[in-house]
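Overview (structure and organization)
These are the residues of each chain, in order.
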Amino acid sequence: MEDNQHTAQTEQSVQDRIRQQIAENPVLLYMKGSPKLPSCGFSAQASQALMGCGKPFAYVDVLQNPDIRAELPKIANWPTFPQLWVNGELVGGCDIILEMFQQGELQPLVEAAAPEQPEQ
Ligand SMILES: N[C@@H](CCC(=O)N[C@@H](CS)C(=O)NCC(=O)O)C(=O)O
Ligand code: FES
């Protein structure tokens, strides 16, 4: 009973953390590994396409965050990684990201979403 309650609370706080990440980062990629050192071919292709857009983006390595890996698919209603979120909305996974990149649709989406770099 107490254990169940604890688990429910933990899941809630993980989901809150995810929602905050999604709200705070206009372009956010949930992936396996990092853009520089991806741990899966799907995440490698997705992050490469995003890097090809030439704008900074945030990422979360779900292999380093197993709680996020477990909870995000419930929030997103999307079972796999990578997941690209732009302006608080799920764009899709690797297939959709690559398709949009090849169609020239990813770059304008990212450009419109990413805030300008602050002046130095
Ligand atoms: N067709 C998918 C490929 C992604 C995929 O199948 N990902 C798997 C293997 S990396 C996954 O995330 N499985 C759930 C998990 O590992 O938590 C896409 O377009 O993103
Ligand atoms: S980690 Fe095996 S397919 Fe992505």
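Throughout this document, residue positions are counted from 1 along each chain, in the order its sequence is written. Chains and ligands are labelled sequentially in the order written, the chains with letters from A and the ligands with numbers from 1. Confidence filtering applies because this is a predicted model: local features only for residues at pLDDT of at least 70, side-chain atom pairs given and counted only at 80 or more, and all residues used for totals across whole chains, interfaces and linings. With hydrogens and water excluded, all non-hydrogen atoms of the structure serve as input to the side-chain values.

Notes on the nonpolar core
Definition of nonpolar core: a set of buried residues of the types Ala, Val, Leu, Ile, Met, Phe, Trp, Tyr and Cys, connected through side-chain atoms within 4.5 Å. Here's how the labels work: a residue is buried when its accessible area is under 20% of the maximum for its type, exposed when over 50%, partly exposed in between, all with a 1.4 Å probe on protein chains only. Counting 17 residues, the largest nonpolar core has Val27, Leu29, Leu50, Leu84, Ile97, Leu106 and Val110 as the members making the most contacts within it. Under the scheme used here, helices are H or I runs from DSSP no shorter than 4 residues and strands are E runs no shorter than 2 residues, and both carry numbers assigned from the N terminus. Only strand S1 (27-31), helix H2 (41-51), strand S3 (83-86), helix H4 (94-102) and helix H5 (106-113) provide two or more residues apiece to this core. The element best represented in this core is H4, accounting for four residues. In this structure, Ile18, Val60, Leu72 and Ala76 belong to the second largest nonpolar core, which totals 12 residues.

With respect to the site of ligand 1
Taken together, Lys32, Cys40, Phe42, Arg69, Pro79, Thr80, Phe81, Gly93, Cys94 and Asp95 form the complete shell of residues around ligand 1. As used in this structure description, the phrase polar contact means that two N or O atoms lie within 3.5 Å; if the pair is within protein, one of them must be able to donate a hydrogen and the other to accept it, and residues adjacent in sequence are counted only when both atoms belong to side chains. For ligand 1, an oxygen atom lies 2.7 Å from a polar atom in the backbone of Phe81. Contacts to ligand 1 include Asp95, whose backbone N or O atom sits 2.8 Å from an oxygen atom. Only the protein chains shown count as cover for residues, and all accessible areas are computed by the Shrake-Rupley method using a 1.4 Å probe. For ligand 1, the protein covers 72% of the area, taking 500 Å² as the surface of the free molecule. By convention in this text, a residue qualifies as near a molecule or strand provided that one of its non-hydrogen atoms is within 4 Å of it.

A few points about the UniProt feature "binding site: [2Fe-2S] cluster" (unreviewed entry) in the protein chain
Taking the numbering used here, the UniProt-annotated feature "binding site: [2Fe-2S] cluster" (unreviewed entry) corresponds to Cys40. Looking at the element boundaries, Cys40 is found in the loop between S1 and H2. UniProt positions are given in the numbering used here, feature names are shortened, and annotations may be inferred rather than shown by experiment.

Looking at the pairing of S1
Within S1, five of the five residues are buried, which leaves it mostly tucked inside the rest of the structure. Covered by surrounding structure in S1 are Val27, Leu29 and Met31 together with Leu28 and Tyr30, the residues of both alternating faces. Only when DSSP finds a minimum of two bridges between them are two strands counted as paired. As paired strands, S1 and S3 are joined by four bridges and run antiparallel to one another. By the bridge assignment for S3, Val27 is matched with Val86. The sheet contact formed by S1 and strand S2 (residues 58-61) spans four bridges and is parallel. For Leu29, the partnering residue across the bridge sits in S2 and is Tyr59. The parallel pair S1 and S2 is bridged by H2, and the resulting crossover is right-handed. Handedness is read with the strands pointing away from the viewer; a crossover is right-handed when the path from the first strand over the helix to the second is clockwise.

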